[in-house]
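# Examination of the molecular architecture
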Amino acid sequence: MPTEPEPLTLAEVARRAVEICDPQDTDAVLGDYFIQFEDADEPIRAIQNLEERVALAAEGVDSDVSDPSIAVVNAVILYLAHRRDEFDDDPDDILRLAARAEWKGNPPEVVRDWLSDRGVTV
């Protein structure tokens, strides 16, 4: 019996998060970040240590964890993992809601600036 809707994989959610954060596909760091997830075909809801896995991927491309695009893509992955109903929503809405969820409405200044550069306010 088919599952409706089909479960989202970590790779699908990571791909969507990277597309939201880098729609022009110009950020090489985000490209390197996604490579770590491209073969992750397990359902995202079945991953027990998702936060840790995302943090390790971030450290793999941004060792001092200072790049705001990595912080935001992490937030988007974690947000979409719990809100799969919003997977195809407007990217700006997803960015705003993910930032609110991750930083309880008060993201670090560098993240606020990164979002603001994209026309997104938290």
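Bear in mind the structure is a predicted one, so any value in this text is a computation, not a measurement.

Moving on, we come to the pattern of salt bridges. By the definition in use, this model includes 4 salt bridges. Of the charged contacts in the structure, one is a salt bridge between glutamate 86 and arginine 83, with a shortest N-O distance of 2.9 Å. A cluster of three or more residues bridged by salt bridges with shared partners is formed by Arg83, Asp85 and Glu86.

Here we take up the side chain of asparagine 74. Within the secondary structure layout, asparagine 74 lies in helix H4 (residues 68-82). Since its relative accessible area comes to 12%, asparagine 74 is described here as buried. Setting aside chain neighbours within four positions, we find asparagine 74 in contact with Tyr33, Val54 and Ala58.

All right, on to helix H2 (residues 28-35) then. Among the residues of H2, those classed as buried are Leu30, Tyr33 and Phe34. Relative to the axis of H2, the buried residues are bounded by an arc of 95° and lie together on one face. Packing partners of the buried residues in H2 comprise helix H1 (10-21), helix H3 (50-61) and H4. Its side-chain oxygen 3.0 Å from the backbone nitrogen of valine 29, aspartate 27 forms the N-cap of H2.

Attention shifts here to the confidence of the model for the protein chain. Looking at the protein chain, the pLDDT average stands at 93 and 97% of residues meet or exceed 70. Confidence, expressed as mean pLDDT per element, reaches its minimum in the protein chain at H3 with 94 and its maximum at H1 with 98.

Bringing the nonpolar core into the picture now. The biggest cluster of nonpolar side chains holds 38 residues, and the ones touching the most others in it are Tyr33, Phe37, Val76, Ile77 and Leu95. Elements with a contribution of two residues or more to this core: H1, H2, H3, H4, helix H5 (91-103) and helix H6 (109-117). A per-element tally of this core places H4 first, with 10 residues. Those residues in contact with isoleucine 77, other than ones at most four positions away along the chain, are Leu10, Val13, Ala14, Ala17, Tyr33, Phe37, Ile44 and Val54.

On to H5, then. Taking 1.5 Å per residue as the helical rise, H5 with its 13 residues ought to reach 18 Å, and the 18 Å between its terminal C-alpha atoms agrees with that figure. On its buried side, H5 packs onto H1, H4 and H6. One side-chain oxygen of the residue at the start of H5 lies 3.1 Å from the amide nitrogen of aspartate 92, identifying that residue as aspartate 90. Phi turns positive one or two residues past the end of H5, at lysine 104, with a value near 50°.

Parameters at a glance
- Residues numbered from 1 in each chain as written.
- Predicted model: local features only at pLDDT ≥ 70, side-chain atom pairs only at ≥ 80, totals over all residues.
- Heavy atoms only, no water.
- Salt bridge = Lys/Arg side-chain N within 4 Å of Asp/Glu carboxyl O.
- Helix = DSSP H or I, 4+ residues; strand = E, 2+ residues; numbered from the N terminus.
- Buried < 20%, exposed > 50% of the residue type's maximum accessible area, 1.4 Å probe, protein only.
- Contact = heavy atoms within 4.5 Å.
- Arc of directions from axis to C-beta.
- Polar contact = N/O pair within 3.5 Å; in protein donor to acceptor, adjacent residues only side chain to side chain.
- pLDDT = per-residue confidence, 0-100.
- Core = buried A, V, L, I, M, F, W, Y, C linked by side-chain atoms within 4.5 Å.
- Expected span 1.5 Å × (residues − 1).

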